[in-house]
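Residues per chain, in single letters:
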Amino acid sequence: MRPEQPDDKREPAAGPDLWQLAGLPGGLLEASYLTGRYAAQYRVIVDVLLEQQQHTLTGVSAAELPDLLRARLGAVGADPELIEEANFDLKERMGSLARWGVIHRFQDKALRDADFIRDLDRYQLTETAAQLHRAVTSFGQDLAAGAAATLAPGVLTANLTVLRDNVTTDPDKAAAAWSIIETTYQAMARAAAGWQSRLAGALAGTPTAEKIGTVQETLRRYVDMWGAGIDTHSEMITTHVNALTGLPDAVWRRIGVHNLGQNADEQAIVELTASYRRTLDTLRAWFDGPDCQARRLRRQMRDTIQPLLRGQRTLAAVGGHVSRRAELLALAGQLEAAPDDAAAWQLWCTATSLYSAVHLPGLAPAPAGNPSASSFWDAEPVLVEARLRKQGPKATTGTASRIADNREHRKAARDHNRRLQQEAERTEQAILARSGLLLSQWTDLSDPELDMLLRLLSTVAASRPDQAGVREVVTGDGRWYVRAEPAESGVPSAVVSVNGGRLVHPDVRLHITATAVNA
């Protein structure tokens, strides 16, 4: 079976294209300048020509065009010397635009001999290309279109009233009112189309902060412009439209002739008269009946509020990070592709920061602050009054007589810290007195001396011995230098009796010296 192909990949059937024979519009050759490799160059040229239409009726001369292009590039923040690049051939670009029907190319008259060797070409956008480029440059300007449609129902009501009052008596006022009605209607339609497109795009897919902002902005503009205007003006607009629709064709024909002139083509008058009725029919579709376009648009706006609030709650719940689904799927794929369980576990630990605890040798540095102060864990327990426990810091406020006196507590803490320091000094002196002895000769060890000995032995064990087996190390606090000579061959391990049992260790000889830091 032949696989199904996309529509644009199917081979054309033999014979003429019935769609083209039906007279339906197809491609637009003038739009060729918007595609292709040099689209940026073409767009700058067309930008300049379109801008110059408001300054000249005879187009832009070939001599002026390079300077205008440099000015345009500078205005948009690009380097004006880009037109000097090798891949920019202005003559070739203008020729392509002429072949696509984007520009008319004609020549100035040669008035002097020198003009015969000059480039006398002049360029002007064709009508279709100018309209196309205005539409292209209006992309993203629905904000301006929406602002132009501000208070559209009210403007329509006022001018329909003027039109109805003067349509049979004063063609001037009727034509002026109709001009405003037509302009307002078109701006209203563009604004409504822009709102619907933006809402559809914002409500599709996963909510983001940008989409929520877009919906909020669109709703705010709709409420500001049309929120109450629909109910206020719909009935009046419908009444006026029905009254104007019932007028005979002769009335509309007279207004058309007034606009186009007595010598206007009959076909043009008929088409203009028909456009009046089409506009009135469109206004009726917009404002007449409970299911008119204006009320349907309002219902769409109303239905947008609930998903908007749900999206805001979602964003608030996840703190702005909408979903990690893509990352989780990518991690799952990597775990699935891992060669073994160990590699998968290592990948998982790396992704989730699941690292095991690391125990480093040596002592932790002393906490910052007053070195003579007692830490919270070492301080003696202090009785806390019931009033202070119940009232907290409020119990210490008020007059000086009610503030707790902690002088005795601080004195007791200082005495306790002093006793600890004295005991530590006695322990260190006792350890220093055993320097140079074999470990088997260390007898009558107190518990503080045993703690210090174990710290020294753990520090020595973490060092690397030399060729003779001697280990030399400075403790982590930099206070002690320790040199451990290995036990002689065949000598049994040392057994040191302590209060909690026995310490069994190779019978090394320890030399302990205070460093300059400890001096």
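Everything below is about the structure printed above this text.
Basis of the calculations
Residues numbered from 1 in each chain as written. Predicted model: local features only at pLDDT ≥ 70, side-chain atom pairs only at ≥ 80, totals over all residues. Heavy atoms only, no water. Helix = DSSP H or I, 4+ residues; strand = E, 2+ residues; numbered from the N terminus. Buried < 20%, exposed > 50% of the residue type's maximum accessible area, 1.4 Å probe, protein only. Contact = heavy atoms within 4.5 Å. Areas by Shrake-Rupley, 256 points an atom, 1.4 Å probe, with all protein chains shown as cover. Core = buried A, V, L, I, M, F, W, Y, C linked by side-chain atoms within 4.5 Å. Patch = residues over 30% accessible without salt bridge, like charges linked within 9 Å, V, L, I, M, F, W, Y side chains within 5 Å. Salt bridge = Lys/Arg side-chain N within 4 Å of Asp/Glu carboxyl O. Pairing = 2+ DSSP bridges. Axes fitted to C-alpha atoms, helices over the stretch in contact; angles between N-to-C directions. Parallel < 35°, antiparallel > 145°, perpendicular 65-115°, else oblique. Nonpolar A, V, L, I, M, F, W, Y, C, P; charged D, E, K, R; others polar. Left-handed = near helix turned anticlockwise from the far one by under 90°. Arc of directions from axis to C-beta.

K.L.:
When you look at the overall build of the protein in this model, what are you seeing that I'm missing?
P.N.:
Within the protein one finds 18 helices and eight strands. Counting across all 519 residues of the protein, residues that qualify as buried make up 29%. Expressed as a percentage of contacts within the protein between residues at least 6 apart in sequence, the contacts between residues at least 24 apart total 61%. In the structure as shown, the protein presents an accessible area of about 33,700 Å², 55% of it carried by carbon and sulfur atoms.

K.L.:
For this particular structure, what's the right way to read the nonpolar core?
P.N.:
If you look at soluble globular proteins, the nonpolar side chains tend to sit buried side by side. Formed by 36 residues in total, the largest nonpolar core has its most connected members in Leu163, Val167, Leu244, Trp252 and Phe287. Mapped by element, the contributors of at least two residues to this core are helix H7 (152-166), helix H8 (171-203), helix H9 (209-226), helix H10 (229-245), helix H11 (249-260), helix H12 (266-287) and helix H13 (293-318). No other element matches H8, which puts eleven residues into this core. Not counting residues within four places of it along the chain, the set of residues in contact with Trp252 comprises Leu163, Val167, Leu244, Leu247, Thr273, Tyr276, Arg277 and Leu280.

K.L.:
I'm lost on a nonpolar patch on the surface in this one. Help?
P.N.:
On the surface, Leu18, Trp19, Leu21 and Leu24 cluster together to form a nonpolar patch covering roughly 520 Å² of accessible area. Overall, Leu18 belongs to the exposed group, its relative accessible area being 63%.

K.L.:
Just to check I follow, could you spell out the pairing of strand S3 (residues 121-125) for this structure?
P.N.:
Two faces, one strand: in a regular strand the side chains alternate between the faces of the sheet. Extensive coverage of S3 is indicated by the burial of five of its five residues. Burial along S3 is two-sided: the residues Asp121, Tyr123 and Leu125 and Arg122 and Gln124 are all buried. Note: strand S1 (residues 60-61) against S3, two bridges, orientation antiparallel. Bridge pairing links Ser61 to Arg122 in S3. Pairing between strand S2 (residues 103-107) and S3: five bridges, direction antiparallel.

K.L.:
Got a minute to help me understand the sheet that holds S1 in this structure?
P.N.:
One key point about sheets: their strands pair by backbone hydrogen bonds, in either a parallel or an antiparallel sense. Judged by pairing direction, the sheet is antiparallel, and its three strands sit side by side in the order S1-S3-S2 without closing on themselves. Here the strands that pair on one side only, and so sit at the sheet edges, are S1 and S2. Relative to the sheet, helix H2 (residues 39-52) contacts S1, S2 and S3, its axis offset from that of S3 by approximately 85°. Against the sheet, helix H4 (residues 90-99) contacts S2 and S3, and its axis sits at roughly 120° relative to S2.

K.L.:
Just checking my understanding: could you explain the packing of H2 against helix H3 (residues 65-75) for this structure?
P.N.:
Packed helices, taken two at a time, are described by their axes: the angle between them and the distance between them. In the contact formed by H2 and H3, the axes pass within 10 Å of each other and the chain directions differ by 105°. Comparing their axes, H3 and H2 come out roughly perpendicular. Between H2 and H3, the contacting residues are Val44, Ile45, Asp47, Val48, Leu49, Glu51 and Gln52 on the first element and Leu65, Leu68, Leu69, Arg72 and Leu73 on the second. Its residues assigned to classes, the contact of H2 with H3 shows eight nonpolar, one polar and three charged.

K.L.:
Any chance you could explain the sheet that holds strand S5 (residues 480-485) here in plain terms?
P.N.:
Within the open sheet, the three strands sit side by side as S4-S5-S8. Their pairing is antiparallel. Looking along the sheet, the strands with just one partner apiece sit at the ends: strand S4 (471-474) and strand S8 (509-514). The average undirected angle you get between the axes of adjacent strands in this sheet is 15°. The sheet contact formed by S4 and S5 spans four bridges and is antiparallel. What sits directly across from Val473, in S5, is Val482. Packed on one face of the sheet, helix H18 (residues 447-461) meets S4, S5 and S8 and runs near 115° to S4.

K.L.:
Explain the packing of H11 against H12 here, please?
P.N.:
Across the interface, H11 lies against H12 with an axial gap of 9 Å and an inter-helix angle of 120°. Our classification of the angle between H11 and H12 gives oblique. As H11 runs across H12, the sense of the crossing is right-handed. Counting all contacts with H11, which are made through Asp249, Trp252, Arg253, Ile255, Gly256, Val257, Asn259 and Leu260, the residues of H12 involved are Glu266, Ala268, Ile269, Leu272, Thr273, Tyr276, Arg277 and Leu280. Split into classes, the residues belonging to the contact of H11 with H12 amount to nine nonpolar, three polar and four charged.

K.L.:
Teacher, can you tell me more about helix H5 (residues 127-137) here?
P.N.:
Of all the positions in H5, only Ala129, Ala130, Leu132, His133 and Val136 are classed as buried. Axial view of H5: buried residues confined to an arc of 165°, hence all on one face. Structurally, H5 contributes buried residues whose contacts are with H2 and S3.

K.L.:
What should I look at first to understand the environment of Ser61 in this one?
P.N.:
Here Ser61 is to be found in strand S1. For Ser61, a relative accessible area of 10% corresponds to the buried category. Once residues within four sequence positions are removed from consideration, Ser61 is found in contact with Asp121 and Arg122.

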